[in-house]
Amino acid sequence: MLFFCILILPLSVALAKHENVLMTEVFEIVVNPPMFNWTYEGKPDQFVYQPSLLNAPDLPSWINYVFSQVHHCGYLFGVPPNHNNARVQLEIIALNRKTYETRHEHVNIHVSEKLNPAKYEVHMKIDNLNVDNMFEVDKMESLKDIYRKVLWKDSQNDLYVTFLSSAIKLGARKPLNPKEGEGVVLRLGSQAPFSPELTELQEEVRPLWKASYPCPRDFKRTKVERLFRNSGFHMDWCSFRLIEDNNSALHHSGTNEKLLTSVENDYEDRWETVLKSEVPQRSYLHEFLFTILVPMFVMIFLALVLSIILCFHHEGISKRMEDAPQTEINQYATIHRATQSLRSLSNNREMTLSPDPALLPRSHTNSPTSTINRGVHCRPNPPPYIRPKFKPDL
């Protein structure tokens, strides 16, 4: 069985599809059911594709994949970096959701040098389209015709796409209406110098560069707006730029990308496992000490400050008492003793006159200074009985 697998693997690689791509030019690889010997049955979500590097979990950074709900197929696209004669092996795994059958296909990409790379480029953004719409031949040709026939007539022999990406991937926001396009950013390049029409168009939109990016849709319309609107393109003129020779596709393509140049498939983009010992470890000792010790030091400092304040305040009271004259202290003591004695006498008298003083109502007659005899009902004694001196006549 092992010998059979060893024979099958080189055979599958040998039967892989080969794609030749050029540097500085956007390539396109269609991923559809016929690639896996399947027939499309009219169900849009029947097939699912997962492309990646061979024996790796993901694609290189310069290769993008998008699935089109309109065309019911996937697209692999990108711009190869400046590595001539480089080879990249891709593996595409397909799943049939109806039968749960899985198939895989190998694609070998061979990067070649473009003979006449673009020296001048036009950078633009289209608001109402998605990336998959630009893979339609009629749509792309109609955009190129606007430049080849009107705005950039000298580029009709070598005009091609040097960059293509979704605006969402470059940081733009999704539109509020899901039915609207997400936006496409692309560049058209050529060796021909810019025409006076393109230079005049850039000068017209130059004041918009100071506005907040991106511009709202229909924010500004130029004199060539009708050319693009008639072909179904809603341009974002805040993003319109002319890129000169020193920043052209020949210089910027692939400078920040990594491609493995080894013919023996030793890719620099290959994913490698990371050992546990190589994973960086973070120490939380500093955070722990900062969280515990700092509040503790603050509390100790506040306690010391409050203790010092109270000590000085107590010493101040004691010092004022010591500095006071002896006569004032004696007078205060005498008044205090007299007050205490009067308060005790008043309490004793109330206890003797009433069995339950708490139940009796308070009145001014119960004060110690009252001269009225305090009985049970607080009334004066009646006069003594005197016998009358004269008897009535019988």
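Residues numbered from 1 in each chain as written. Predicted model: local features only at pLDDT ≥ 70, side-chain atom pairs only at ≥ 80, totals over all residues. Heavy atoms only, no water.

Visitor: Tell me what's going on with the packing of helix α2 (residues 137-151) against helix α3 (residues 196-205), and back it up with residues and numbers.
Guide: Direction vectors running N to C along α2 and α3 enclose 110°, while the axes themselves pass 9 Å from each other. Taken as axis vectors, α2 and α3 run roughly perpendicular relative to one another. Here Tyr147, Val150 and Leu151 of α2 lie close against α3, whose contacting residues are Glu197, Leu198 and Leu201. Within the contact of α2 with α3, the residues separate by chemical class into 5 nonpolar, no polar and 1 charged. (Axes fitted to C-alpha atoms, helices over the stretch in contact; angles between N-to-C directions. Helix = DSSP H or I, 4+ residues; strand = E, 2+ residues; numbered from the N terminus. Parallel < 35°, antiparallel > 145°, perpendicular 65-115°, else oblique. Contact = heavy atoms within 4.5 Å. Nonpolar A, V, L, I, M, F, W, Y, C, P; charged D, E, K, R; others polar.)

Visitor: Would you mind going over the sheet that holds strand β8 (residues 120-126) in detail, with residue names and values included?
Guide: An order of β9-β10-β8-β11 is seen for the 4 strands of this open sheet, with the pairing classed as antiparallel. At either margin of the open sheet sits one strand with a lone partner, and together these are β9 (160-166) and β11 (241-243). With direction set aside, neighbouring strand axes in the sheet form an average angle of 20°. Where α2 meets the sheet, it contacts β8, β9 and β10 (184-190), and its direction lies at approximately 125° from that of β8. (Pairing = 2+ DSSP bridges.)

Visitor: Could you give an account of unusual backbone geometry, with specific residues and numbers?
Guide: Positive phi is not limited to glycine here, since Thr24 has a value of about 65°. Along the chain, Thr24 falls in the loop between β1 (17-22) and β2 (27-31). We note that Asn37 has phi near 60°; this positive angle belongs to a residue other than glycine. If you trace the backbone, Asn37 turns up in the loop between β2 and β3 (47-53). Asn37 gets classed as exposed once you look at its relative accessible area, which sits at 67%. (Buried < 20%, exposed > 50% of the residue type's maximum accessible area, 1.4 Å probe, protein only.)

Visitor: Give me the pairing of strand β6 (residues 87-96): which residues, what numbers.
Guide: Taking burial as the measure, the 10 residues of β6 include 7 buried ones, the bulk of the element. The turn joining β6 and strand β7 (residues 101-112), which pair antiparallel and follow one another in sequence, is formed by 4 residues; a positive phi near 55° is taken by Tyr100.

Visitor: So what's going on with a nonpolar patch on the surface? Which residues, and what values?
Guide: A cluster of nonpolar side chains, contributed by Leu285, Phe288, Leu289, Ile292, Leu293, Met296, Phe297, Ile300 and Leu304, occupies part of the molecular surface with about 850 Å² of accessible area. Relative to the assigned elements, Ile300 resides in helix α6 (residues 285-323). (Patch = residues over 30% accessible without salt bridge, like charges linked within 9 Å, V, L, I, M, F, W, Y side chains within 5 Å. Areas by Shrake-Rupley, 256 points an atom, 1.4 Å probe, with all protein chains shown as cover. Salt bridge = Lys/Arg side-chain N within 4 Å of Asp/Glu carboxyl O.)

Visitor: If you had to explain the sheet that holds β2 to someone new, which residues and values would you point to?
Guide: One open sheet holds the 3 strands; their spatial order is β2-β5-β4, and the pairing between them is antiparallel. Only two strands of the sheet have a single neighbouring strand rather than two, namely β2 and β4 (63-68). The mean inter-strand angle of the sheet, taken between neighbouring strand axes irrespective of direction, is 20°. Note that β4 and strand β5 (residues 73-78) share 6 bridges and pair antiparallel. From the neighbouring strand, Ser68 faces β5, where its bridge partner is Cys73.

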